[in-house]
Amino acid sequence: MKRARIVLAAILLVALGLGLGLLIRLNPDMGTTPDSAARRAAESLESGAVGSGPWTDPGAADAGAKRALAPLGALGVAHPAVVDVGEVTRTDDAHATARVRIGWITDPGSATQVPDWTYDSALTVRKERLSWRAVWDPAIIHPRLSQRRGFAVETTGAERGPVTAADGTAIASTQDIVAVGIERARAKDPAAVARRTAAITGVDGEALAARVARAKPHAFVEAITLRRSEYRRLAGRLRPLAGTVFHAQRRPIALRTGFAASALGRVGPATAEQIRAGGPAVRAGQLVGQSGIQRAFDSALRGRPGFAVRIVGPADAERASRTVADGDAEGAAAADADLPEPERTGSAQRGAPVATSLDIPAQESLDTALAQHPAVHAALVRPDGTVAALGDGRAADGGAADGRSTGGSGGDPTGSRTGLYPGGPVAVAAAAGASPQGLGTDTGALGLAAAAPEGRGAQVRSSPLAAAGALASARAGRSVVLRMAAEGTGPVTEPADAHAPGRAAAAGERDESLTAHVAAMRAALRAGQQRTAGAAWSWGSEPRGSWAVVADDGDAAAARAVAQVLSRARP
């Protein structure tokens, strides 16, 4: 009998142990301590997976953390870098308070990745039956946060990095400008004001009127940016127009008005599409590259904006979250008026420089010629594949980063709106039996997209840039690597992987194909010009460089005139 009782007791103990084990497996928080619950909650906040932590209501905690942290996305920050739990003190049998140290890295690009903004906070844990759980409160993230008070981040635009020519001269740099725009709510007849402003400044009046009509009543619709000297000359005619608004700022503008407009591109306020695609790093009102090199290297050129993190109520949230342009002192003062002191600030960091291979005299000669022949697109390439000059005669329709940039789209950096035109030296060689692929160039290090030739025989289409590169390859007897821009101070050199095994093998295949078609290319060089139903071409190649010119309106005389200008260039 006694033995039976012992066996029964043992069975009950084993069953109890198994039951407790199963319960703990089903509920990991069972049997936790205030300290362990606080630490697991802190880990969930530090990892950004708040919903996985031991909260009294994980779903509500996750949603609350996302709301509280969302404004910090403007700094590229998603969650605290460090959430350390210190002393945990019981306030009664069912509650305890943990001291928490919060640390942020406000510069995601920091080399040390050491938190630069730290402070103390507190976290409450509560006993629920057999487990301890954390109680969500916005004040965990910052002691001054609450259900009605949250973070707000004001950003200040950084000075964009300069773009330099082959000789190191800055061809696009940040200078004082005045942005001229229209606010629809201030104008009695917005369309008339837009057309009058356009007539004074030389931009497209109908396009400006259409953008003003689509904008919100109090939105600033930029018409043009002017150098200070140009603004002073036109101010007497612009300022009397009711509805016009003027913002003094600092923006990158070109060496001279119209200089390398299609290659350099344009800088302007971020569009709705760019804001959606850029995520937290791109905000309304921020200046970003819209075309050309300014767009291709935008992330490097725009640098890191300055910031001020505040804790504000609903009434001040919008004003404390605005973006202030670089150099807009008036805008900065207006944004900060009557706002609380920032909890954390950071200085703007200037953007990185970008070097180009453009030759200033050659580019200026091409710009002058294209001003007289707006339907012409052209490229001049050195024997080593670097681009000495590139131009799109229609680039001025969309503006450029030159101090007279408009709100339209910039020129296509391939040298044309579509990038490809029928005919040209590649088509002539292809008609003689060459393969367009054998005449193409490796454009991987160009810095901008260059459309490679496509099609067969007489139907081959190419861009002036790709055609000039093909001519340079034919003269060199090998495939040259087209390149025009690179981050840094220059010079623009051959890509580091140009002689890597895979690339070298591909280059060898192109060289064999190119060698097989040398005769066809020589025929193309002798021809020097061609006129098709859609375009007129003129081209040439000499030891100092190769050039290709196309007139998209079929004007052969215009194409020849621009080609003559390039033939005299000495890049």
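Residues numbered from 1 in each chain as written. Predicted model: local features only at pLDDT ≥ 70, side-chain atom pairs only at ≥ 80, totals over all residues. Heavy atoms only, no water.

S.K.: Quick one: what's the story with the overall build of the chain, residue by residue and with numbers?
M.R.: Check the secondary structure of the chain and you find 20 helices and 23 strands. Burial statistics for the chain: of 571 residues in total, 49% are counted as buried. Sequence separation of 24 or more characterises 69% of the internal contacts of the chain that already satisfy a separation of 6 or more. Accessible surface, the chain: about 25600 Å² in total, of which carbon and sulfur atoms supply 53%. (Helix = DSSP H or I, 4+ residues; strand = E, 2+ residues; numbered from the N terminus. Buried < 20%, exposed > 50% of the residue type's maximum accessible area, 1.4 Å probe, protein only. Contact = heavy atoms within 4.5 Å. Areas by Shrake-Rupley, 256 points an atom, 1.4 Å probe, with all protein chains shown as cover.)

S.K.: Pulling in residues and values, what's your account of the sheet that holds strand β5 (residues 150-156)?
M.R.: Taken together, the four strands give an open sheet; going across it, the order is β13-β5-β12-β14, and neighbouring strands pair in mixed fashion. Two strands lie at the open edges of the sheet, namely β13 (323-324) and β14 (344-346), each paired on one side alone. Summarising the sheet, strand β12 (residues 306-312) and β14 pair through three bridges and their orientation is antiparallel. Residue Val-309 lies in a different strand from β14, and its bridge partner there is Arg-344. (Pairing = 2+ DSSP bridges.)

S.K.: Residue-level account of the pairing of strand β3 (residues 117-128), with values.
M.R.: Two elements, strand β2 (residues 95-104) and β3, share 10 bridges in a ladder whose sense is antiparallel. In the sheet register, His-95 faces β3, and the bridge partner there is Arg-126. Bridging between β3 and strand β4 (residues 131-135) involves five bridges; their strand directions are antiparallel. Bridge pairing in β4 places Glu-128 opposite Ser-131.

S.K.: Describe in detail the environment of Gly-109, supporting the description with residues and values.
M.R.: If you trace the backbone, Gly-109 turns up in the loop between β2 and β3. With 33 residues separating them in the primary sequence, Gly-109 and Gly-76 have C-alpha atoms 9.5 Å apart.

S.K.: Tell me about the pattern of salt bridges, residues and numbers included.
M.R.: Tallying each qualifying case throughout the model produces 18 salt bridges. Note that Arg-256 and Glu-364 form a salt bridge whose closest N and O atoms lie 1.9 Å from each other. Taken as a pair, Arg-256 in the loop between β9 (244-254) and α7 (261-264) and Glu-364 in helix α13 (residues 360-372) lie far apart in primary sequence, 108 residues in all. In this structure, the salt-bridge partner of Asp-316 is Arg-319, at a minimum N-O distance of 3.4 Å. (Salt bridge = Lys/Arg side-chain N within 4 Å of Asp/Glu carboxyl O.)

S.K.: Explain the nonpolar core to me, and be specific about the residues and the numbers.
M.R.: In terms of nonpolar packing, the biggest core is built from 42 residues, with Ile-171, Leu-264 and Trp-537 touching the most fellow members. For this core, the element with the highest residue contribution is helix α17 (residues 464-476), accounting for six residues. Not counting residues within four places of it along the chain, the set of residues in contact with Leu-264 comprises Val-163, Ile-171, Ala-172, Ala-254, Phe-259, Ser-291, Gly-292, Ile-293 and Gln-294. By size, the runner-up hydrophobic cluster in this structure holds 37 residues, among which are Tyr-119, Trp-132, Trp-136 and Ile-311. (Core = buried A, V, L, I, M, F, W, Y, C linked by side-chain atoms within 4.5 Å.)

S.K.: Tell me about the confidence of the model for the chain, residues and numbers included.
M.R.: The pLDDT averaged across the chain works out to 82; a share of 78% of its residues lies at or above 70. Segment residues 19-27 is flagged for pLDDT under 50; beyond a separation of four residues in sequence, or across chains, it makes four contacts in the model. For the stretch residues 396-418, pLDDT sits under 50, and the model shows 88 contacts to residues farther than four places along the chain or on other chains. (pLDDT = per-residue confidence, 0-100.)

S.K.: Account for the environment of Ala-315, naming residues and giving values.
M.R.: Residue position: Ala-315 is located in helix α11 (residues 314-317). Taking relative accessible area as the criterion, Ala-315 reaches 76% and is therefore assigned exposed. For the pair Ala-315 and Arg-149, spaced 166 residues apart in the sequence, the C-alpha separation amounts to 9.9 Å.

S.K.: If you had to explain the packing of helix α4 (residues 190-201) against helix α6 (residues 228-238) to someone new, which residues and values would you point to?
M.R.: The contact between α4 and α6 brings their axes to 10 Å, and the two run at 150 degrees. Viewed along their axes, α4 and α6 adopt a mutual orientation that is roughly antiparallel. Every pair of crossing elements has a handedness; the one defined by α4 and α6 is right-handed. Along its contact with α4, which presents Arg-196, Thr-197, Ile-200 and Thr-201, the element α6 presents Leu-234, Arg-237 and Leu-238. (Axes fitted to C-alpha atoms, helices over the stretch in contact; angles between N-to-C directions. Parallel < 35°, antiparallel > 145°, perpendicular 65-115°, else oblique. Left-handed = near helix turned anticlockwise from the far one by under 90°.)

S.K.: Before we move on, could you go through the packing of aromatic side chains and cite the residues and values that matter?
M.R.: Overall, the coordinates contain six aromatic pairs when judged by the stated rule. The interplanar angle of 75 degrees and the centroid separation of 5.7 Å between the aromatic rings of Trp-55 and Trp-136 together place this pair among those described as edge-to-face. With Trp-55 in the loop between α2 (34-47) and α3 (58-69) and Trp-136 in the loop between β4 and β5, this residue pair connects regions lying 81 residues apart in the sequence. Both rings, one in Trp-104 and one in Phe-151, keep their centres 6.4 Å apart while their planes meet at 90 degrees; by these two values the pair is edge-to-face. (Phe/Tyr/Trp six-rings, centres within 6.5 Å; stacked < 30°, edge-to-face > 60°.)

S.K.: How would you explain the sheet that holds strand β17 (residues 387-392) if you had to name every residue and give the values?
M.R.: Here we have five strands laid out as an open sheet, ordered β17-β16-β23-β22-β21, and antiparallel in their pairing. The open sheet has two free edges, formed respectively by β17 and β21 (529-531), since each of these has just one partner strand. The average undirected angle you get between the axes of adjacent strands in this sheet is 5 degrees. Against the sheet, helix α20 (residues 556-567) touches β16 (376-381), β21, β22 (536-542) and β23 (545-551), its axis set at about 160 degrees to β23.

S.K.: Explain the environment of Gly-285 to me, and be specific about the residues and the numbers.
M.R.: With respect to the element layout, Gly-285 can be found in the loop between α8 (272-278) and β11 (287-289). Residue classification places Gly-285 among the partly exposed residues on the basis of a relative accessible area of 40%. Along the backbone, Gly-285 and Phe-220 are 65 residues apart, and their C-alpha atoms lie at a distance of 9.4 Å.

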